[in-house]
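# Remarks on the overall topology
What follows is each chain in one-letter form.
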Amino acid sequence: MSTKIIGKVSATEKCPSTIDDFYFWTDKKEILSPFDIVKVEHEQGSITYGVVEEINHVTDAPSHFTSYISSDFGNIETDPIGNMMRLGMNYVKARVVCNTENIYTPVLDSRRVSLCDENDVKRALGLSDDEVKNPLVCGYLQMYQGDAAIKVKVVLNSHFLIGPDGAHINVSGISGLAAKTSYSMFLLKAIQEKFRTEKGETAAFVFFNVKGRDLMAIDEPNKELPQADIDIYRDTLQLSARPFDNVTYYYPYSKDKMTENVQSYAQPSDIRSQIDAGKASIYKFTFEKCQDKLDLLLANEDDSTGTLESCVNFIINQEGNFKGVEKWSTFNEKLSEYTQTASSTGAKKTDKGEILVTSWRKFKRCISKAIQNDVFGKSIVDGEVDLTEEISNNLRDGRVMVIDIARLDENTQSFVFGSVARAIYDLKLGADRTDIPDKVILFVDELNKYASNDVPKNSPILRQLLDIAERGRSLGIILFSVEQFRSAIHDRVKGNCATHAYGRTNAIEVSKPDYRYIPKVYQNMMTRLTPGEYIISNPALRSLVNIKFPRNAYKQFPNG
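Residues numbered from 1 in each chain as written. Predicted model: local features only at pLDDT ≥ 70, side-chain atom pairs only at ≥ 80, totals over all residues. Heavy atoms only, no water.

The name given to the protein in an unreviewed UniProt entry is ATP-binding protein, with Alistipes shahii as the source organism.

For helix α9 (residues 357–370), spanning 14 residues, the distance from its first C-alpha to its last is 20 Å, which sits close to the expected 20 Å at 1.5 Å a residue. By the burial criterion, the buried members of α9 are Val357, Ser359, Trp360, Phe363, Cys366, Ile367 and Ala370. (Helix = DSSP H or I, 4+ residues; strand = E, 2+ residues; numbered from the N terminus. Expected span 1.5 Å × (residues − 1). Buried < 20%, exposed > 50% of the residue type's maximum accessible area, 1.4 Å probe, protein only.)

Turning our attention to the environment of Ile489. Inspection of the secondary structure assignment puts Ile489 in the loop between β18 (477–483) and α14 (491–495). In this structure Ile489 comes out as buried when scored by relative accessible area, which is 0%. Contacts of Ile489, omitting those with residues within four sequence positions, involve Leu447, Asn448, Ala451, Ser452, Asn453, Glu483 and Lys494. (Contact = heavy atoms within 4.5 Å.)

This part is about the side chain of Thr339. Turning to its location among the elements, Thr339 is positioned in the loop between α8 (328–337) and β13 (347–350). Given the relative accessible area of 10%, Thr339 is considered buried. At 3.5 Å, the side chain of Thr339 forms a polar contact with the side chain of Gln340. Setting aside anything within four residues of it in sequence, one finds Thr339 in contact with Val357, Trp360, Arg361 and Lys364. (Polar contact = N/O pair within 3.5 Å; in protein donor to acceptor, adjacent residues only side chain to side chain.)

As for its position among the elements, Lys93 is in strand β5 (residues 88–99). No salt bridge is formed by the buried Lys93. Its closest oppositely charged neighbour is Asp21, at 4.1 Å. Once you skip the residues sitting within four places of it in the chain, Lys93 turns out to touch Asp21, Phe22, Tyr23, Val51, Val52, Glu53 and Glu54. (Lys, Arg positive; Asp, Glu negative; His and termini not counted. Salt bridge = Lys/Arg side-chain N within 4 Å of Asp/Glu carboxyl O.)

Bringing the nonpolar core into the picture now. Of all hydrophobic cores here, the largest spans 102 residues; its most connected members are Ile37, Tyr183, Phe207, Ile218 and Phe480. Per-element tally for this core: the top contributor is helix α3 (residues 180–197), with eight residues. Counting residues domain by domain, this core receives three or more from each of domain 1 (5–116) and domain 2 (153–282 + 382–548). Other than its neighbours up to four places away in sequence, Ile37 contacts Tyr49, Gly50, Val51, Cys116, Val121, Ala124, Leu125, Met143 and Tyr144. With 68 residues, the next largest nonpolar core counts Ile315, Val444, Leu465 and Ile489 among its residues. (Core = buried A, V, L, I, M, F, W, Y, C linked by side-chain atoms within 4.5 Å. Domains from an automatic or database assignment.)

Contact geometry for helix α7 (residues 307–316) and α9: axes closest at 9 Å, N-to-C directions at 80 degrees. The angle between α7 and α9 falls in the class roughly perpendicular. On the side of α7, the interface is formed by Thr307, Leu308, Cys311, Val312, Phe314 and Ile315, while α9 contributes Ser359, Trp360, Lys362 and Phe363. Across the contact of α7 with α9, the residue classes break down as seven nonpolar, two polar and one charged. (Axes fitted to C-alpha atoms, helices over the stretch in contact; angles between N-to-C directions. Parallel < 35°, antiparallel > 145°, perpendicular 65-115°, else oblique. Nonpolar A, V, L, I, M, F, W, Y, C, P; charged D, E, K, R; others polar.)

Strand order in this closed barrel of six strands is β1-β2-β5-β4-β3-β6, and the pairing throughout is antiparallel. Ignoring strand direction, the axes of neighbouring strands in this sheet form an average angle of 40 degrees. In terms of strand pairing, strand β4 (residues 47–59) meets β5 through 11 bridges, oriented antiparallel. Bridge pairing in β5 places Asn56 opposite Tyr91. Across the sheet, helix α2 (residues 118–125) touches β3 (37–41), β4 and β5, and the angle it forms with β3 is around 90 degrees. (Pairing = 2+ DSSP bridges.)

Here we take up the packing of aromatic side chains. A complete count under the given rule lists 33 aromatic pairs for this structure. Between Phe35 and Tyr522, the ring centres sit 4.0 Å apart and the planes meet at 15 degrees, which makes this aromatic pair stacked. Note that Phe35 is positioned in the loop between β2 (21–26) and β3 and Tyr522 in helix α16 (residues 520–526), a separation of 487 residues in sequence. By way of ring pairs, the aromatic residues Tyr283, Phe285, Phe287, Phe314, Phe322, Trp328, Phe331, Tyr338, Trp360, Phe363, Phe376 and Phe415 are connected into one cluster. Between Arg407 and the ring centre of Tyr265, over which it is positioned, the NZ or CZ distance is 4.7 Å. (Phe/Tyr/Trp six-rings, centres within 6.5 Å; stacked < 30°, edge-to-face > 60°. Lys NZ or Arg CZ within 6 Å of the ring centre and 35° of its normal.)

Take the pairing of strand β11 (residues 247–252) next. The side chains of a regular strand alternate, first on one face of the sheet and then on the other. Most of β11 is tucked away: six of the six residues are buried. Both faces of β11 are covered, namely the face carrying Val247, Tyr249 and Tyr251 and the face carrying Thr248, Tyr250 and Pro252. Across four bridges, the pairing between β11 and strand β16 (residues 400–404) is parallel. Residue pairing in the sheet places Tyr250 in a bridge with Ile403 of β16. With four bridges connecting them, β11 and strand β12 (residues 280–283) associate as parallel partners. Pairing of Pro252 across the sheet is with Tyr283, part of β12. Read as a crossover between parallel neighbours, the route from β11 over helix α5 (residues 268–276) to β12 is right-handed. (Right-handed = clockwise from strand over helix to strand, strands pointing away.)

Written out as structure tokens, the structure reads:
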């Protein structure tokens, strides 16, 4: 266990020690990094822990011109020697995270500063075994370099991630370099393993595959997983390096028999194997089962006047010619009748007032464009399912549902997501079942499509997401959301997430107000984080932490 002394506290007139932070000097060859934890001897035998924020190097040269002169007036081949050798040292700013005796007076000048061992790091961040209840692995810390290097498993109190004390996580970072999906799936696998090995609450999972065939083989092992990652799973994280289990895949219907009647980037042979093994089904939406979801087809349409909503309500109530309609083709025919001028007033009269023909025409344009995809079919036959019924009847403890929407157009993707989210919400609100999972964890990538600041305020999918973000914790619906740019997401969605994970992002993004509470040096670090590295914020942690995680243990596909 390393307790190496690396320097002493330095309190000056311009940079005094405070109850929030302190400075210390250290040898210029001592290698430290932001997020490293150090400890300082304090009053009454207590220890104050600080997390490194800024590292500066200074010499006795009063100006850069002096430094230039000391190198023989700019001779880059000459080393400073003799009287011209400069005195130099590093000074470090550390933010106080805790004191072992809750003494928060400023640390005093000249007190010794030391590196920490594994137990010290856990105590500093609130990760000690006696402090963390309901532990859930979320990665590991890699601290210091050389002989002092240590790896520390990071565990969160799961009640602050999946309820009841806190809920939801938002993961952000630029495309390709932030490994957003990989980290989300690492956490979700840890949650599945936790619920499988511990008795008590039950959990089910619903994932959306939005990139290629990324998540369409998560129950198959990653045969190319490096031994170093296997060792981290086993020795550092105490997790199994195994893929997900109890997985069912759902592919959108297509009329093309050459692709096994599905719209997917997965290989037809793989899809057939999954279907034959009872691990996959094809989903389809019929008008009969989607009549009450027509509003979801208009999620991306601005309806500030409420005219489209009036048309939807008229159809849902089966008024006029829409009574008894069961097929999309019949629905289109009936809809066409309402786009014809009915009288000199240009309106279709109903017992609930009038809807203008121009409104019906706008409604038909939007709906006709939305239902052109093959997934809106005539009837459901053997081997095909309705997603709402699948969730209502078959979403049980331990089950993982992976819904492929990668090859669908954006409007259809929104409809599928909205339908599933609504079905989960209805399930938790009052389905007539005794085996409803205590937790239903919903993973959605590309959140900007459904909950960005640009989405129409009247969007039913946005309303659904806001409801889940604000009430989901009490219902046991947990949202794992992922997007490239956090600043573009609706404030009420990200504001209700208890946990935030920041991957690599760009300088423009970190300049936005969302990042203003993060120290400047950490903001700069976000622009150069590597895949497999995240900065985590959670109410149960005493500080932001820079965690790492191993590669996923399920089958990976090149380029998604």
